[in-house]
Amino acid sequence: PARRSRRAAVRQVAMSESRRGNELAEMSAALRAHAAKANPTKDQQHARRALFQRIIQYLTIGIDMSPLFSDVIMNAHTKDMATKKMLYHYLTHYAQAKADLALLTVNTLQKDCRDEDPVVRGLAVRSMASMRVPDLVEYLIGAVQQGLRDAHPYPRKTAAMGVLKIYDLHPEAVRETELLQTLREMLLTDQNAATVFNCVVTLMEIDGPKSLATKQIVYGLINRLKDFTEWAQVTILEIVALYPPADKTETFDVMNALEDRLQHSNSAVVLATVKCFLRATLELPDVHQQVFERMKAPLLTLAQTESQEPAYAVWAHLHLLTLRAPPLFANDFKSFFCRIGDPPAVKRLKIEALVAVVDVGNTYEIVTELSEYVSDVEPRIAREAVRGIARVALEGDGDSAGPIVDRLLQFVHHGAGYVVAETLAAVVSLTRKHGEVFANACVAAISNIEMDDIDEPGGRVALAYLLGEFGEVVPEAPYVLEPALASFEEEPDARVRLELLTAAAKLFFKRAPEMRAMLQTALQAGCLDADQDVHDRAAMYVRLLARDPDAAARVVGGLEQKNKVHNFSDARERDKYAPQIFDEFNTLSVLYREPAFVFCDESAAGGRVVPRAPSALDLRGGDGDGGGGAGMPGDSLIDFGGDDAVSGGGAGGALGGDDANLLDLYDVPSMATSGATSVHDELGRLEGLGGVSGVDAARASAGAAPAGLTLA
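Rules of the game
- Residues numbered from 1 in each chain as written.
- Predicted model: local features only at pLDDT ≥ 70, side-chain atom pairs only at ≥ 80, totals over all residues.
- Heavy atoms only, no water.
- pLDDT = per-residue confidence, 0-100.
- Contact = heavy atoms within 4.5 Å.
- Helix = DSSP H or I, 4+ residues; strand = E, 2+ residues; numbered from the N terminus.
- Expected span 1.5 Å × (residues − 1).
- Buried < 20%, exposed > 50% of the residue type's maximum accessible area, 1.4 Å probe, protein only.
- Salt bridge = Lys/Arg side-chain N within 4 Å of Asp/Glu carboxyl O.
- Axes fitted to C-alpha atoms, helices over the stretch in contact; angles between N-to-C directions.
- Parallel < 35°, antiparallel > 145°, perpendicular 65-115°, else oblique.
- Nonpolar A, V, L, I, M, F, W, Y, C, P; charged D, E, K, R; others polar.
- Phe/Tyr/Trp six-rings, centres within 6.5 Å; stacked < 30°, edge-to-face > 60°.
- Lys NZ or Arg CZ within 6 Å of the ring centre and 35° of its normal.
- Polar contact = N/O pair within 3.5 Å; in protein donor to acceptor, adjacent residues only side chain to side chain.

### With respect to the confidence of the model for the protein
Mean pLDDT over the protein works out to 81, with 79% of the residues at or above the 70 mark. This model gives residues 689-712 a pLDDT under 50, and the stretch forms 43 contacts once residues within four places in sequence are excluded.

See the structure below:
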């Protein structure tokens, strides 16, 4: 049956090819018959038009109609406009594949370039330029030059774009002629706005937009700005933004000429005008501030549109402006309150803008509003609201942030798990920056939370950190960690396993009798973990604890006074490219919140290349999922010695050389070691570290430990 079906398929293909060949032969004969008629009747013109429609339909669905190329050329003398358009479309489609036959169309196209109908002249120039046949360049230059001098605007604007097509085929040919100089003259003298705009686009693509940012060209374009379409106005305003005014008077002249564009209904025109104002006043701080005040009303009005895409673009630019000058938007903070119909992306921008404009006078109202968003049905918005409240608390001082922290800690017992997880992450940041001020309140808030109550990895990591950091004042800390440590191997997220190891090690130096067995279990499981980071951290803790508990107390136990964290890495990363993004105002950089080199690769854009800097992901060298190398269970990135015993059980390798003593990384005095020691041997020696005496010895050697926190 399979063989019969294959034979049937072969016969069907053969029949299809045969039918296609017969149909092409019929079309070829019909085209030759129509070409032989010098003065066709209306019925014959209608029949030829129907034939060309059939050819274009087949061409559109992907059927190869190139065998008819020579027959189609024979009909190029037709006077029917619809047929001529379809014929030109066919020629431009197959000209590159039939370059030798395309030369036969030169005489007909040149004749059409001199036709009395301006539409035919424009179509002929456009078709000749669109063929992209290098052998036609010499004929094309003459046709384009003739089109640029045409009395009708349609052939002129078509010829202006034809210059760019010639440049793509033969750049030297364009620069050796006077085509570019003709375009520059037309840009200033032509009366047709569409022709002027095509000249602008062509010159921008060839010489770059900065070549047009001269006083004569900029003033000429500004004076005629209302004559252009909205798209053309945006392009021209981009050129105006590149023009540096000579003095303050000229700056005001340019802004006065563009003032009415701020009232335009098109958001792209308004944003392009705002960019011109901002660029022109960068060197005038007092005027720059007035520009911010002037642009607030138009942008806030445009942002209220019901169309989501333009609204998001406007809100993204407003968000950028609030980061640039927060005090200027502080009194308009209510304009950034979320509406029930706002899409989630717009709500996130509004929340971030609210956080940016916080000051002494509006803090209470903004935090109250953000607290309402925590109950939003969209989890992303609820998370962003919690982060916003946390940022307000972190950016304030310890005295003024107290009520905000109290409001934030209410969400620790929120019903939604993602809100609790985000709140715990915020609490971690608060304790790292304002530990001595809010530690008691934060510890009291987490004292009744169990690890099993939190499903999200981020929340479990935060809770484990807090229990390890403040375990001496949380009576239940070891018992909250115990179930998680007992099921260490079943924890799916490597970040959680890493933090559980660290928390257990910290608690060991604070509550040794309760944590000895748990730490032993966690370290054994960690040394056999498939994740490379978990494996390496567990091996490091084993060696530190087995060889020098005093050093472990200083390195891991956290018994010394810690320095405050004033700036977090995510905030620095967020502000890293802010000046460059502001410089790329009214581009995708504002929407993506990254400079253009991060997401653009212009190597294929006609040689106009922007160097690409390595992104944060490239620098990390991984996919950012926290702990790569899950497929390397036995290969340590750093040779700790005894890796065979760690990964597979068996005899441990010998410790020697520079890798034998990792304590040098922590400024711990070197210890002499002799003989071969495996991780499993050192795990066995941890039995001697139990009891209060081991912790007391570690604290004594580490110096005076800070007094434990007490609950208020």
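### A short note on helix α7 (residues 118-130)
In a regular helix each residue adds 1.5 Å, so 13 residues correspond to 18 Å; α7 covers 18 Å between its end C-alpha atoms and thus fits that length. A large share of α7 lies buried, amounting to 10 of its 13 residues. Among the residues of α7, those classed as buried are Pro118, Val120, Arg121, Gly122, Leu123, Ala124, Val125, Ser127, Met128 and Ala129. Buried residues in α7 make contact with α4 (81-94), α6 (106-113), α8 (137-148) and α9 (153-169).

### Topic: the environment of Ile446
Relative to the helices and strands, Ile446 is located in helix α25 (residues 435-446). On the basis of relative accessibility, which here comes to 2%, the residue Ile446 falls in the buried class. Placed 37 residues apart in sequence, Ile446 and Leu409 show a C-alpha to C-alpha distance of 9.0 Å. The residues contacting Ile446, other than those within four sequence positions of it, are Leu424, Leu463 and Leu466.

### Focus: the pattern of salt bridges
A full pass over the atoms with the stated rule returns 34 salt bridges. The shortest N-O distance in the salt bridge between Arg387 and Glu384 comes to 3.0 Å. Highlighted residues: Arg387 and Glu384, both in helix α22 (residues 379-395), separated by three residues, approximately one helical turn. Classification of Glu384 by relative accessible area gives buried; the value is 3%. Salt-bridge contacts for Glu422 lead to Arg387; the nearest nitrogen and oxygen are separated by 3.0 Å. Taken together, the residues Glu422 in helix α24 (residues 417-433) and Arg387 in helix α22 connect sequence positions 35 residues apart.

### Quick look at the packing of α9 against helix α12 (residues 193-207)
α12 packs onto α9 with a crossing angle of 5° between their chain directions and a minimal axis gap of 8 Å. Judged by the inter-axis angle, α9 sits roughly parallel to α12. Here Pro153, Arg156, Lys157, Ala160, Met161, Val163, Leu164 and Tyr167 of α9 lie close against α12, whose contacting residues are Ala194, Thr195, Asn198, Cys199, Val201, Thr202, Glu205 and Ile206. Across the contact of α9 with α12, the residue classes tally to 10 nonpolar, three polar and three charged.

### Some words on the packing of aromatic side chains
Scanning the model with the defined rule gives 10 aromatic pairs in all. Their ring planes at 55° and their centres at 5.0 Å tell us that Tyr90 and Tyr94 sit as a pair that is tilted. You can see Tyr90 and its partner Tyr94 sitting in helix α4, four residues apart, about one turn around the helix. With centroids separated by 6.3 Å and ring planes inclined at 65°, the aromatic side chains of Phe582 and Phe585 adopt a geometry described as edge-to-face. Pair check on accessibility: Phe582 and Phe585 agree, each one buried. Every member of this aromatic cluster is reached through a ring pair, and the members are Phe69, Tyr90 and Tyr94. Over the ring of Tyr219 we find Lys215, and its NZ or CZ is 5.6 Å from the ring centre. The ring of Phe329 has Lys296 sitting right over it, with the charged end atom 5.8 Å from the ring centre.

### What to know about helix α30 (residues 532-547)
Spanning 16 residues, α30 covers 22 Å between terminal C-alpha atoms, matching the ideal 22 Å at 1.5 Å per step. A large share of α30 lies buried, amounting to 14 of its 16 residues. Measuring from the backbone nitrogen of Asp533 back to the side-chain oxygen at the start of α30 gives 3.0 Å, which picks out Asp531 as the cap.

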